[in-house]
Amino acid sequence: MNNDYMNDEMEIDLIELLKDIIKNIKFVITITLVCGVVVFGVSQFILPKSYTSSTDITIVPTGTSLDYTSYLTGSKVLDKVSNAVGVEISGLVESIEVTRDSNNTYNYNIKATTNDPKLSYRIVKNVVNEFKKSMISELNLSSVTTMNEPQINTIPVSPNVKKNTLIGTFIGLVISVGIVVLRFLFDKHLRNVEEAEMFLGVDVLAEIPMEK
């Protein structure tokens, strides 16, 4: 065996590799589409969906302004919300997110995320109502105003079907091309006259055609 051929084997012939990928383009397209369709199906029909409802409120104190985030998600409020919506307090804590506006510290965004759009709406609505009933006098607040009412949003926030499908399609493309490349690298067949001459170290005198 010609040692020069062994050295040349270490260098990938990019043109031949590209030809091999084009030759197997149907395989590449098939695997890419299959992965995209599978991920779409899983995201659309199997993965659990999450729905969000939110509202913005303004809390105005009679004295010094405080951070009321912990009060909005405190036990006094959530105990009554739990009874109203039929969800354990631990579940409410996981589903509720309260954010204080950094530009206007009187404003708060209350968001709930669950697997039921109506439940998310009810949680947000009840948190605001119970906070108004229970905490205005206790915290000596001047007013609690709802800036925008929560809505029942039937469009899920997760999973992101489009994003997941694009990722699945890309993964399918990478896998299929990777398989073609690996088969090319580990293929020990002599593909043409030049490779035969390099491998044997002698000139090829004649070729036998595959077909008459």
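Coordinates for the structure precede this section.
Residues numbered from 1 in each chain as written. Predicted model: local features only at pLDDT ≥ 70, side-chain atom pairs only at ≥ 80, totals over all residues. Heavy atoms only, no water.

Draft legend 1. Broad picture of the overall build of the protein chain. For the protein chain, the count of helices and strands is 9 helices and 4 strands. Each helix (α) and strand (β) of the protein chain, taken in turn from the N terminus, gives the series α-α-α-β-α-α-α-β-β-α-β-α-α. Out of the 212 residues in the protein chain, the part that is buried amounts to 29%. Intrachain contacts of the protein chain at a sequence separation of at least 6 include 76% that bridge at least 24 residues. As displayed, the protein chain offers around 14,000 Å² of accessible surface, 59% of which is attributable to carbon and sulfur atoms. (Helix = DSSP H or I, 4+ residues; strand = E, 2+ residues; numbered from the N terminus. Buried < 20%, exposed > 50% of the residue type's maximum accessible area, 1.4 Å probe, protein only. Contact = heavy atoms within 4.5 Å. Areas by Shrake-Rupley, 256 points an atom, 1.4 Å probe, with all protein chains shown as cover.)

Draft legend 2. Geometry of the environment of lysine 132. Checked against the element boundaries, lysine 132 lands in helix α7 (residues 117-135). Spatially, the C-alpha atoms of lysine 132 and serine 143 are 8.6 Å apart, while their sequence positions differ by 11 residues. Discounting chain neighbours no more than four positions away, the residues touching lysine 132 are Val144 and Thr146.

Draft legend 3. Quick peek at the nonpolar core. Ranked by internal contacts, the top residues of the largest apolar core, which has 25 residues, are Ile59, Ile110 and Phe131. If one sorts the elements of this core by residue count, α7 sits on top with 7 residues. Sequence-distant contacts of phenylalanine 131, defined by excluding residues within four places in its chain, comprise Ile59, Tyr68, Tyr71, Leu72, Val77, Ile136, Leu139, Leu141 and Val144. Within the second largest apolar cluster, 5 residues are counted, among which are Leu17, Val28, Val180 and Phe184. (Core = buried A, V, L, I, M, F, W, Y, C linked by side-chain atoms within 4.5 Å.)

Draft legend 4. Geometry of helix α5 (residues 75-85). When we look at burial in α5, the residues that qualify are Val77, Leu78, Val81, Ser82 and Val85. In an axial view of α5, the angular spread of the buried residues amounts to 130°, which keeps them on one side of the axis. α5 presents Ser75 and Asn83 as exposed residues on the side facing more than 90 degrees away from its buried surface. In this structure, the buried residues of α5 make contact with α4 (69-72), α6 (89-95), β2 (96-100) and α7. (Arc of directions from axis to C-beta.)

Draft legend 5. Expanded view of the pairing of strand β1 (residues 51-61). Extensive coverage of β1 is indicated by the burial of 8 of its 11 residues. For β1 and strand β3 (residues 107-114), the ladder comprises 8 bridges, and the chain directions are antiparallel. Residue threonine 55 lies in a different strand from β3, and its bridge partner there is isoleucine 110. Examined bridge by bridge, β1 and strand β4 (residues 141-148) share 6 bridges and lie antiparallel to one another. From the neighbouring strand, aspartate 56 faces β4, where its bridge partner is asparagine 148. (Pairing = 2+ DSSP bridges.)

Draft legend 6. Molecular detail of the packing of aromatic side chains. Enumeration according to the criterion identifies 3 aromatic pairs in this entry. An aromatic cluster of three or more residues is present, and its members are Tyr68, Tyr71 and Tyr108. Between arginine 183 and the ring centre of phenylalanine 27, over which it is positioned, the NZ or CZ distance is 5.2 Å. (Phe/Tyr/Trp six-rings, centres within 6.5 Å; stacked < 30°, edge-to-face > 60°. Lys NZ or Arg CZ within 6 Å of the ring centre and 35° of its normal.)

Draft legend 7. A look at unusual backbone geometry. A cis geometry characterises the amide bond from serine 158 onward to proline 159, with omega recorded as 0°. Among the secondary structure elements, proline 159 is positioned in the loop between β4 and α8 (161-185). Positioned with a positive phi, asparagine 140 is a non-glycine residue whose angle comes to about 55°.

Draft legend 8. Up close: the pattern of salt bridges. For the coordinates displayed, the defined rule picks out 3 salt bridges. Where lysine 111 meets glutamate 97, a salt bridge forms, and the shortest distance between an N and an O atom there is 3.6 Å. Residue lysine 111 is located in strand β3, and its partner glutamate 97 is located in strand β2; the two are separated by 14 residues in the primary sequence. Lysine 111 gets classed as partly exposed once you look at its relative accessible area, which sits at 28%. Among the salt bridges present, the one from glutamate 149 reaches lysine 125, with a minimum N-O distance of 2.7 Å. Residue glutamate 149 is located in the loop between β4 and α8, and its partner lysine 125 is located in helix α7; the two are separated by 24 residues in the primary sequence. Residue class for glutamate 149 comes out partly exposed when judged on its relative accessible area of 42%. A residue is classified by how much of its surface remains accessible, and lysine 125, at 26% relative accessible area, is partly exposed. (Salt bridge = Lys/Arg side-chain N within 4 Å of Asp/Glu carboxyl O.)

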